[in-house]
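Summary of the model geometry
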Amino acid sequence: MSEGVISLKTKVSYGLGALGKDFACSIIYIFLMFYYTDVAGISAAFVGTLFLVARFVDAVTDPIMGMIVDNTRSRFGKFRPWIVIGTLINSVFLVLVFNTHYFEGVALYVYATVTYILWGITYTIMDIPYWSMIPSMSQDRVQRERLVVWPRLFASFAWTLMGTYGLYMVGFFGGEDKGSGFFYFSLAIVVSFIASALITFFNVKEVIKDKKVTTEKFSLQDVKKIISENDQLKSLIGVVLSFNIAIQLVGGFAIYYFTYAIGREDLFPMFALLSGIAEIAGVFLFPRLCNLINRKYMWLVACGFPMLCSVVLIFTGVFAPENGILVGVAGAALKFGGGLSNGLSTVMLADVVDYGEYKTGHRSESIIFSVQTMLVKFAGALSGFFVGIGLTLIGYVPNVEQSPETILGLRILMIGIPTLLVAMSAYIYVKTYKLNGEYQRMVMEKIAAV
């Protein structure tokens, strides 16, 4: 792999790939629970269970897709063909998902189950090769840190726009008919999704050392070995999964929290907007903070900001529940830490690819990075499951005034559980992750010597 500087054109083109990609997934992760429960009329408990069950399917299909990508040999490389193929197929299922409200009775539940599971499977086809390209473009940690800023910035921008203006766009396309609004909005998203994938396809290329170009094919047994023998991958799974579930729980409960617990639905867009801006700032400042703070402590810094969010939300809920400024501060604290974690976890995963080569003798970007796709979806699924079950347990009823007990439950679910999960992430990191400093340098030296 080239140790040279990655060009600005490559960085921007790679980043733009995340823009359309994350428009397409953010509408799912931010609004699908709301769409299913309040537009299509599906029970919250069923939706939460569906989100979770679908991820067990992904636990099988994601590593297999990683194996398929790593076994691909083409004149366009092994990543870019799948980015385009996956984008086209996933676009179809994105639109089909937002047709759910046209069904009723048993057909409604069957249609929602089939289309959502197929959406998750086809998203894998595109997402795994997209992120897997990172370690193939440079082996230098500084170059990776600078590269990963671009897709994370564009992704954060997409999530910010979706969270802030998503409901407005639903109203723009459908008026009072939210079902039609979501459907036509999904069609508009597909256009940007495909355009951004083509930009990445034509302008981004992996750079591979001659010694890494082989005809070796990975088998399912190799996939099992690559994942099971990489202790740092297991550590990273625990660290990232617990953190991301916490962040997504806050995001998942937010629309219910502000609408029913606070009684100010209009605060949700402000929370989402300032959260998004802070996330972009966190991603942008990530490589600079890495120069100032020892990488060993960066994850703990990232964990500190969601903790601050919880403190501010508790204070706001008690003393100033309708204070938009404090709501904005809470959202900014949450997603600034999220921005740092997004950049850091991607670079850490690239380091885990190197570590996997050191441990097993096999270099597999896509099999390892399939774990990232699986983690994102599992975090979304588990948070969706907890949101669905949580809403059911506290007695939530759509579109009516909630009881005091339900409102108290919303506060606990929005603040308490995410705080515990962030603390768990920090604990796992301190106890198990070791790819920092001298040990990580030793790993790189051993790989270079092969």
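All values reported here derive from a predicted model rather than from experimental measurement. The residue numbers shown here count from 1 along each chain, following its written sequence. Only residues with pLDDT of 70 or above have their local features reported here, since the model is predicted, and side-chain atom pairs are shown and tallied only from 80 upward, although totals for entire chains, interfaces and linings are computed over all residues. To get the side-chain values, all heavy atoms of the structure are used, and hydrogens and water are removed first.

A separate point is the domain arrangement of the chain. An automatic or database domain assignment is the source of the domain bounds shown. Here the domain parsing of the chain yields domain 1 (7-202) and domain 2 (217-449). The straight-line distance from the C-alpha centre of domain 1 to that of domain 2 is 18 Å. When checking whether two residues touch, look at their non-hydrogen atoms; a contact exists if any pair is within 4.5 Å. Residue-level contacts link 53 residues of domain 1 with 64 residues of domain 2. Buried area adds together the accessible area that both of two parts lose upon being put together, with accessible area traced by a 1.4 Å probe. Buried surface at the junction of domain 1 and domain 2, summed over both partners, amounts to about 4,800 Å²; 65% is from carbon and sulfur atoms. What makes a salt bridge here is a side-chain nitrogen of Lys or Arg within 4 Å of a carboxyl oxygen of Asp or Glu, nothing more. Taken together, the connections running from domain 1 to domain 2 amount to zero salt bridges. Nitrogen and oxygen atoms within 3.5 Å of one another constitute a polar contact, given that in protein one can donate a hydrogen and the other can accept it, and given that sequence-neighbouring residues count only through two side-chain atoms. Inspection of the region where domain 1 meets domain 2 yields five residue pairs in polar contact (both at pLDDT 80 or more). Every helix listed is a DSSP run of H or I at least four residues long, and every strand listed is a run of E at least two residues long, numbered separately from the N terminus. Counting residues per element, the ones that place at least two in the side of domain 1 that touches domain 2 are helix H1 (8-40), helix H2 (44-70), helix H4 (105-132), helix H5 (134-137) and helix H6 (141-174). Per element, the largest residue contribution to the side of domain 1 that touches domain 2 is 17 residues, and it comes from H2. Residue polarity follows a fixed list, in which Ala, Val, Leu, Ile, Met, Phe, Trp, Tyr, Cys and Pro are nonpolar, Asp, Glu, Lys and Arg are charged, and the others, Gly among them, are polar. Its residues assigned to classes, the side of domain 1 that touches domain 2 comprises 27 nonpolar, 14 polar and twelve charged.

Turning to the packing of H1 against H6, a few remarks are in order. Close contact between H1 and H6 brings their axes to 7 Å; oriented N to C, the two are set at 35 degrees. Crossing of H1 over H6 shows right-handed handedness. Counted by class, the contact of H1 with H6 contains 24 nonpolar, four polar and three charged residues. Comment: axis = line fitted to C-alpha atoms, over the contacting stretch for helices; angle = value between 0 and 180 degrees taken between N-to-C directions. Throughout, a crossing is termed right-handed when the near helix is turned clockwise from the far one, and left-handed when it is turned anticlockwise from it by less than a right angle.

This part is about the pattern of salt bridges. Applying the stated criterion to the full structure yields seven salt bridges. Where Asp22 meets Lys21, a salt bridge forms, and the shortest distance between an N and an O atom there is 3.1 Å. Of the two residues, Asp22 and Lys21, neither departs from the other in class, the shared state being buried. Between Asp70 and Lys78 there is a salt bridge; the shortest N-O distance is 3.0 Å. Relative accessibility under 20% of the residue-type maximum defines a buried residue, over 50% an exposed one, and the middle range a partly exposed one, all with a 1.4 Å probe and only protein chains included. Among the residues examined, Asp70 registers a relative accessible area of 1% and is labelled buried.

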